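# An overview of the molecular structure
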Amino acid sequence: MGRRRNGRNIMPVQFNRWTPLLAVLAVGTLSACNSAGNTTQSALAISPGSPPSASGTGLVGKRYKDLEVVSTLPAPDNTNNGSKQPISANDLLEVDVFQVNELDKTVRVDANGQISLPLIGSVGVAGQSVDQVERTLERRYGAKYLQSPEISVFVKEAAGMRVTMDGQFNKPGIFPTTSNSTLLQAVAQAGGITQLADESKLFVFRTHRGRKLVANYNLKNIRAGTQGDPRLFGGDVVVAFTSNTKVAARNLREVLGLATSAGRLVTPF
């Protein structure tokens, strides 16, 4: 029970449309200064001359609309503190009802996060762990149709177990994650950062309990062992900025919007 298979043979997806973000990043940075040259609260920024920070000092705790800057990212919901990846839309599931072959079915999670099964109809599964889905199906089948059913759910294709790598990477794209994927490993998958990149300005975006969170990580510090190499999860977005970019909470929110829009993903700045 509870066995799970990661996505198979998921190849990196290379983007074929690029959208310059220099103007986007300038928004908020230029307006961040008032007539006296002081930075306003609505556009707090890390200047190019600031020392590398392990946790985005100056931004932590700041918000722009629904985005919050945090020092560390919590594991996504329903992952058992990060040990499991939740089911998401477009995942392909194999449902095995023990000794009732007629009810076995391979089904894809639809855009609404549901699957349709014989007898019991639609069942919401997105956001749940495999174990949770198994218990739900056992309750549904056991209520009317089967006595003490034993049901196993396998993830044959995990569309949600991918991470987006954008900005100053040599090979930006969408890459598969595993139960052990870390930021350094994802950077390596993306061909490393470019010569224009600032290794202290890698930002990881994640949704947690309905909130959009982002944390700043420093590759140099991670490699030196002074900052932990964070675990990545399916759905994470990683953006690398250039060394001459001022990063503000407003900029981060706008970049996330571009990075997650179809056909409008982040290009070198």
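Residues numbered from 1 in each chain as written. Predicted model: local features only at pLDDT ≥ 70, side-chain atom pairs only at ≥ 80, totals over all residues. Heavy atoms only, no water.

## Side note on the pairing of strand 13 (residues 211–217)
Here is the key point about a regular strand: its side chains alternate between the two faces of the sheet. Filter applied, for reference: Relative accessibility thresholds used throughout: buried, under 20% of the residue-type maximum; exposed, over 50%; partly exposed, between the two (1.4 Å probe, protein chains only). Runs of E in the DSSP output that reach at least two residues are strands. Runs of H or I that reach at least four are helices, and both are numbered from the N terminus. Pairing between strands requires that DSSP locate at least two bridges from one strand to the other.
Taking burial as the measure, the seven residues of strand 13 include five buried ones, the bulk of the element. Two strands pair when backbone bridges link them, and strand 4 (residues 67–69) and strand 13 are joined in this way by three bridges, in the parallel orientation. Pairing of Val-69 across the sheet is with Val-214, part of strand 13. Of the strand pairs in this sheet, strand 12 (residues 197–208) and strand 13 are connected by seven bridges, and their pairing is antiparallel. Counted as the bridge partner of His-208 is Arg-211 from strand 13. Between strand 12 and strand 13, which follow one another and run antiparallel, lie two residues, and Arg-209 among them has a positive phi close to 50°.

## Quick notes on the confidence of the model for the protein chain
What counts, and what does not: Each residue gets a pLDDT score, which is the predictor's confidence in that residue and runs from 0 to 100. Only heavy atoms matter for contacts: two residues are in contact if any of them lie within 4.5 Å across the pair.
Residues with a pLDDT of 70 or more make up 73% of the protein chain, whose mean pLDDT is 77. Averaged over each element, pLDDT in the protein chain is lowest for strand 2 (residues 45–46) (32) and highest for strand 7 (residues 114–117) (97). Contacts of residues 1–56 to residues separated by more than four positions or lying in other chains number 124 contacts, the stretch itself having pLDDT below 50. Below a pLDDT of 50 lies the segment residues 262–269, which in the model reaches 32 contacts outside its immediate sequence neighbourhood of four places, other chains included.

## With respect to the packing of aromatic side chains
Think of a pair of aromatic rings as described by two things: how far the centres are apart, and how the planes are tilted against each other in angle. Heads up, the condition is: Note on ring pairs: Phe, Tyr and Trp rings are taken, using the six-membered ring of Trp, and paired if centres are within 6.5 Å. Classes follow the plane angle, with under 30 degrees stacked, over 60 edge-to-face and the rest tilted.
Across all of its chains, the model carries one aromatic pair by this definition. Where Phe-203 meets Phe-241, the ring centres are 5.5 Å apart and the plane angle is 85°; that geometry is what we call edge-to-face. With a gap of 38 residues between them, Phe-203 in strand 12 and Phe-241 in strand 14 (residues 237–242) connect regions that are remote in the sequence. The pair Phe-203 / Phe-241 is uniform in exposure class, with both members buried.

## Some remarks on the sheet that holds strand 14
Selection rule: To obtain each axis, a line is fitted to C-alpha atoms, and for helices this fit is confined to the stretch in contact; angles are then taken between N-to-C directions over 0 to 180 degrees.
Spatially, the seven strands line up as an open sheet ordered 3-4-13-12-14-10-11, and their pairing is mixed. Two strands in the sheet have a free side with no partner beyond their single neighbour: strand 3 (63–64) and strand 11 (173–176). On top of the sheet, helix 5 (residues 249–259) reaches strand 3, strand 4, strand 10 (162–167), strand 12, strand 13 and strand 14; it is set at about 125° to strand 4, its chief contact.

## Structural notes on the side chain of Glu-68
Tracing the sequence through the fold places Glu-68 in strand 4. The exposure class assigned to Glu-68 is buried, which follows from its relative accessible area of 14%.

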